[in-house]
Amino acid sequence: QVQFVESGGGLVQPGGSLRLSCSVSGVTYDYYAIGWFRQTPGKGREGVSCISMHAGSTYYTDSAKGRFTISRDNAENTVYLQMSSLKPEDTGVYYCAVQETTRFANFWWNPNGVDYWGKGMLVTVSE
């Protein structure tokens, strides 16, 4: 039913950049957000960034602010996460996710609220 096409993961050097892409099909919600969670061995699955598809409202976790930029292409139902000035701490498996919202985009970006999960992509920031 709901399907994800995720791309952009890989190995980059500290200070480098990556752009993650997530295309979603089959979503029937009137209002929803698309974004990424990050899974690391030292931490749980934490919200990184998301964007409301109808309003374009964005969310970034503190560690991503100023370095990551999320954007959307509504025609393709695709979301992009441009990650710059990457640090080793950004390493992890990045899971694209869909969460139903209201028109007011008043919601918490946390794993318990996710309706659909992508399979994830490994991002490694290392020399």
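Just so it is clear, the structure is predicted and the values come from calculations on it, not from any experiment.

K.L.:
Which parts of the structure should I look at to understand the side chain of E6?
P.N.:
You can see E6 is positioned in strand β1 (residues 3-7). A polar atom in the side chain of E6 sits 3.0 Å from the backbone nitrogen of C96. Polar side-chain contacts of E6 include one of 3.1 Å to the backbone nitrogen of G120. Ignoring any residue separated from it by four or fewer positions in sequence, one finds E6 in contact with S21, C22, Y94, Y95, C96, G118, K119, G120 and M121.

K.L.:
Even after reading the chapter, I still don't get the nonpolar core, so can you show me in this structure?
P.N.:
When a protein is soluble and globular, its nonpolar side chains tend to lie buried together. Grouped together as the largest cluster of nonpolar side chains are 29 residues, with contacts concentrated most on I34, W36, F68 and M83. In contact with F68, other than residues within four places in its own chain, are R38, V48, Y60, L81, Q82, M83, S84, L86, D90 and Y94. Core analysis: the next-biggest nonpolar cluster, separate from the first, contains six residues, A33, F37, C50 and V114 among them.

K.L.:
What should I look at first to understand the packing of aromatic side chains in this one?
P.N.:
For any pair of aromatic rings, the description rests on two quantities: the centre-to-centre distance and the angle between the ring planes. For the structure shown, the criterion picks out four aromatic pairs. Both rings, one in Y29 and one in Y116, keep their centres 6.2 Å apart while their planes meet at 35°; by these two values the pair is tilted. Here the residue Y29 occupies a position in the loop between β3 (18-25) and β4 (32-39), and Y116 occupies one in strand β10 (residues 116-117), the gap between them amounting to 87 residues. Assessed through its relative accessible area of 31%, Y116 is described here as partly exposed. Aromatic side chains F37 and W117 sit 5.1 Å apart centroid to centroid with 55° between the ring planes, which places their arrangement in the tilted category. With F37 in strand β4 and W117 in strand β10, this residue pair connects regions lying 80 residues apart in the sequence. Its relative accessible area of 0% is what places F37 among the buried residues. An aromatic cluster of three or more residues is present, and its members are F37, Y95, W109 and W117. It is R45 that lies over the ring of Y95; its NZ or CZ is 3.9 Å from the centre.

Each value, and the rule that gives it
- Residues numbered from 1 in each chain as written.
- Predicted model: local features only at pLDDT ≥ 70, side-chain atom pairs only at ≥ 80, totals over all residues.
- Heavy atoms only, no water.
- Helix = DSSP H or I, 4+ residues; strand = E, 2+ residues; numbered from the N terminus.
- Polar contact = N/O pair within 3.5 Å; in protein donor to acceptor, adjacent residues only side chain to side chain.
- Contact = heavy atoms within 4.5 Å.
- Core = buried A, V, L, I, M, F, W, Y, C linked by side-chain atoms within 4.5 Å.
- Buried < 20%, exposed > 50% of the residue type's maximum accessible area, 1.4 Å probe, protein only.
- Phe/Tyr/Trp six-rings, centres within 6.5 Å; stacked < 30°, edge-to-face > 60°.
- Lys NZ or Arg CZ within 6 Å of the ring centre and 35° of its normal.

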